[in-house]
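# Summary of the model geometry
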Amino acid sequence: MRPERARPGHYTRGEALMSRIPAERILAALDLSGLSTKRWFRQKLAVVAGRRLEAEIMDWAELPCQDESVTLLMAVVRTEQGQGYFLPVIAFPGDWEGATRSPVAAGDISETGRVLGEGDGFAAFDAASSDHYVDSVLRLMEDQANVPSRRGVLRFRSKGSAVGWRVRPSEAYSNTVVLARRGVVLKTYRGFSGGINPEVEVCAALATQPGFENTAPYVGHVTYECPDGTEESVALATAEVEAMGDAWELVQRDLAAIASGSPNPVTVASLKAMDELGVTLARLHLALAAARLPGFGRRKVTDGDLVDWVEAYRRTAEAAQAVLDRMEQPVKSGKPIRSVPLPEALRTSPLVPYLGGGAEMGFAIRCHGDMHLGQVLVRADGSYVVIDFEGEPCTPLNGRRRPTSPLRDVAGMMRSLSYARGAAERRLREAANGAAADPARLARLAAWEADAWESLFQGYLRVLGEAGPDLLPPEPQRRAVLLHFAAEKAMYELVYELNNRPDWVEIPLAGLRALGELLGGDGR
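First, a word on scope: everything that follows refers to the structure included in this document. Computed from a predicted model, the values in this text were never measured in an experiment.

### Topic: the packing of aromatic side chains
Under the definition given, this model contains 7 aromatic pairs. Taken together, a centroid distance of 6.5 Å and an interplanar angle of 10° make the contact between Phe 457 and Tyr 460 stacked. Of this pair, Phe 457 and Tyr 460 are both found in helix α11 (residues 439-467), 3 residues apart, which corresponds to roughly one turn of the helix. Each member of the pair, Phe 457 as well as Tyr 460, carries the same accessibility label: buried. We note Arg 150 situated over the ring of Trp 60; from NZ or CZ to the ring centre the distance is 3.8 Å. Note that Arg 501 overlies the ring of Trp 504, its terminal NZ or CZ placed 4.2 Å from the centroid.

### Examining helix α5 (residues 198-206)
Note on helix geometry: an α-helix contains 3.6 residues per turn, so any two residues three or four positions apart are oriented the same way. Counting buried positions along α5 yields 9 of 9 residues, so the element is predominantly enclosed. Within α5, burial applies to Pro 198, Glu 199, Val 200, Glu 201, Val 202, Cys 203, Ala 204, Ala 205 and Leu 206. Residues of α5 that are buried sit in contact with β9 (184-189), β10 (218-225), β11 (231-239), α7 (271-290) and α9 (397-400). At the N-terminal boundary of α5, the capping side chain belongs to Asn 197, with an oxygen 2.9 Å from the backbone nitrogen of Glu 199.

### Quick notes on the sheet that holds strand β16 (residues 384-386)
Across the sheet, which stays open at both edges, the 3 strands sit in the order β12-β15-β16 with antiparallel pairing between neighbours. The sheet terminates laterally at β12 (245-246) and β16, the two strands that pair on one side only.

### Some details on the pattern of salt bridges
Taken as a whole, this structure holds 31 salt bridges when the rule is applied. Put simply, Glu 425 and Arg 421 hold a salt bridge, and the shortest N to O gap is 2.9 Å. Linking Glu 425 with Arg 421, this pair stays in helix α10 (residues 407-431), spanning 4 residues, or about one helical turn. Of the residues examined, Arg 421 reaches a relative accessible area of 25% and is grouped as partly exposed. Here Arg 426 and Glu 430 are joined by a salt bridge, their closest N and O atoms 3.5 Å apart.

### Focus: a nonpolar patch on the surface
Residues Val 307, Val 352 and Leu 355 make up a contiguous nonpolar surface patch of roughly 220 Å² in combined accessible area. You can call Val 352 partly exposed: its relative accessible area is 36%.

### Examining unusual backbone geometry
With an omega of 5°, the peptide bond between Glu 475 and Pro 476 qualifies as cis. Locating Pro 476 in the fold gives a position in the loop between α11 and α12 (477-500). The phi dihedral of Asp 388 falls on the positive side, at around 55°, and the residue is not glycine. Mapped onto the elements of the fold, Asp 388 is located in the loop between β16 and α9. On the accessibility criterion, Asp 388 (28% relative accessible area) is partly exposed.

### Focus: the sheet that holds strand β1 (residues 55-63)
One open sheet holds the 5 strands; their spatial order is β1-β2-β3-β5-β4, and the pairing between them is antiparallel. On the outer flanks of this sheet lie β1 and β4 (117-119), each paired with one strand and no other. On average, adjacent strands in this sheet sit at an angle of 25° to one another, irrespective of strand direction. Strands in contact with helix α4 (residues 131-142) are β1, β2 (71-79) and β3 (84-93); relative to β2, the strand with the most contacts, it is inclined by about 90°.

### Details of the packing of helix α8 (residues 303-325) against α12
Where α8 meets α12, the axes come as close as 9 Å, and the angle between the chain directions of the two elements is 35°. Once α8 is placed against α12, the crossing between them reads as left-handed. Listed contacts from α12 to Trp 309, Val 310, Ala 312, Tyr 313, Thr 316, Ala 317, Ala 319, Ala 320, Val 323 and Leu 324 of α8 are His 484, Phe 485, Ala 487, Glu 488, Met 491, Tyr 492, Leu 494, Val 495 and Leu 498. Of the residues contributing to the contact of α8 with α12, the split by class is 16 nonpolar, 2 polar and 1 charged.

Analysis parameters
- Residues numbered from 1 in each chain as written.
- Predicted model: local features only at pLDDT ≥ 70, side-chain atom pairs only at ≥ 80, totals over all residues.
- Heavy atoms only, no water.
- Phe/Tyr/Trp six-rings, centres within 6.5 Å; stacked < 30°, edge-to-face > 60°.
- Helix = DSSP H or I, 4+ residues; strand = E, 2+ residues; numbered from the N terminus.
- Buried < 20%, exposed > 50% of the residue type's maximum accessible area, 1.4 Å probe, protein only.
- Lys NZ or Arg CZ within 6 Å of the ring centre and 35° of its normal.
- Contact = heavy atoms within 4.5 Å.
- Polar contact = N/O pair within 3.5 Å; in protein donor to acceptor, adjacent residues only side chain to side chain.
- Pairing = 2+ DSSP bridges.
- Salt bridge = Lys/Arg side-chain N within 4 Å of Asp/Glu carboxyl O.
- Patch = residues over 30% accessible without salt bridge, like charges linked within 9 Å, V, L, I, M, F, W, Y side chains within 5 Å.
- Areas by Shrake-Rupley, 256 points an atom, 1.4 Å probe, with all protein chains shown as cover.
- Axes fitted to C-alpha atoms, helices over the stretch in contact; angles between N-to-C directions.
- Left-handed = near helix turned anticlockwise from the far one by under 90°.
- Nonpolar A, V, L, I, M, F, W, Y, C, P; charged D, E, K, R; others polar.

See the structure below:
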């Protein structure tokens, strides 16, 4: 049964202690050294090979569970590098072998990997994929509960609760685990991000805009009040969305048919679908501009914004040139990548001529921040659902929540269409087994990218124009802002690919050459 509460929305430590396994015994048995192998662990490069990760439990709370034989904990872990993590823990009675066969644990530990700890009469696992954990979190959200930890408080809130958090700047970024139960997707934020995750803020803001139906409806969130009084996002719940898949996967399927000249019907990559994608992006920006919550709405782009954008561009260009200077390395083909200079036209931002000139640069709003085809789900009726509002993972938290030109998101989608074409071309070249890919197929893909971008952008502009005062600057500033963000994104992609997937580097290189030509150079 569910625990009785001393007062509405508040659980005391004593009332949460329902289970048979004392929390202190579980925590003492946990082996935290294995956390460095998890996908969501951020500091893998800081962990010396052959050396155990040093980490300690800084705080913890016990969560109520309907099954009194099971113990649920939310532990706050800090590594020797000072990074904080949230670690949901579930402990079952019996040893590891018995726990994995227990009907009580069925479905709870299939996705959790190895055991976190074993003690006398119990085995403990990562709870993020646990039905017990999800059920407990959702019930606590429904009850608007506050669960005290040993040094802070976990606050569970559902739709309609107040929005407004204290924030501290951070250079961190977040990794997450996503799972769906009871028609709800629960995302647990593993690492401390230095405040409330932008995704929580954006989802709560969009929930105030009933006319916008192109995102997963906000259900609730969990925050942790730290001992110093600041808050960290722990989890976000949104309604589950029935979709055929994400736009990246479905566009790739269609591009195979487009390249071959197949008469098979093309759906998600059709020009009509690209127009609808532009329409969806415009509706998103209008909803974010209309939200009347702190940090939302719209304001004029200032000279200070331009200075910040140009400086960020300069840093990205320097990082891109630095990796280009050391590109003499083999890729999977066995051929080295030759060092090349950044195209001359891209070495400075196209916005430099507008610094201090007082030109009209449009409005700044809260944006998605990491817009690409993989962040869009496609429903069976062809409509779109935009997801994952955390922003660019490597951008500091204060940068991810800062209002910016909506053209940043538009440029992100522009680059994603280019990546879709590039990925399809890679498959053609791989299928050719060293021979030249069919020029006719490559030409069809190039034509698709140009037409798809034109359809998307025209759909976007049409909706903004119908809505009244335009969020965008007039020409030629509009083109300069769009190409600024597109070039910055392509340079970011270049750095990422050379550090992670060097055999993919030709895609951002091709994008940089094309952008250099658009900006009046020869792409070299």
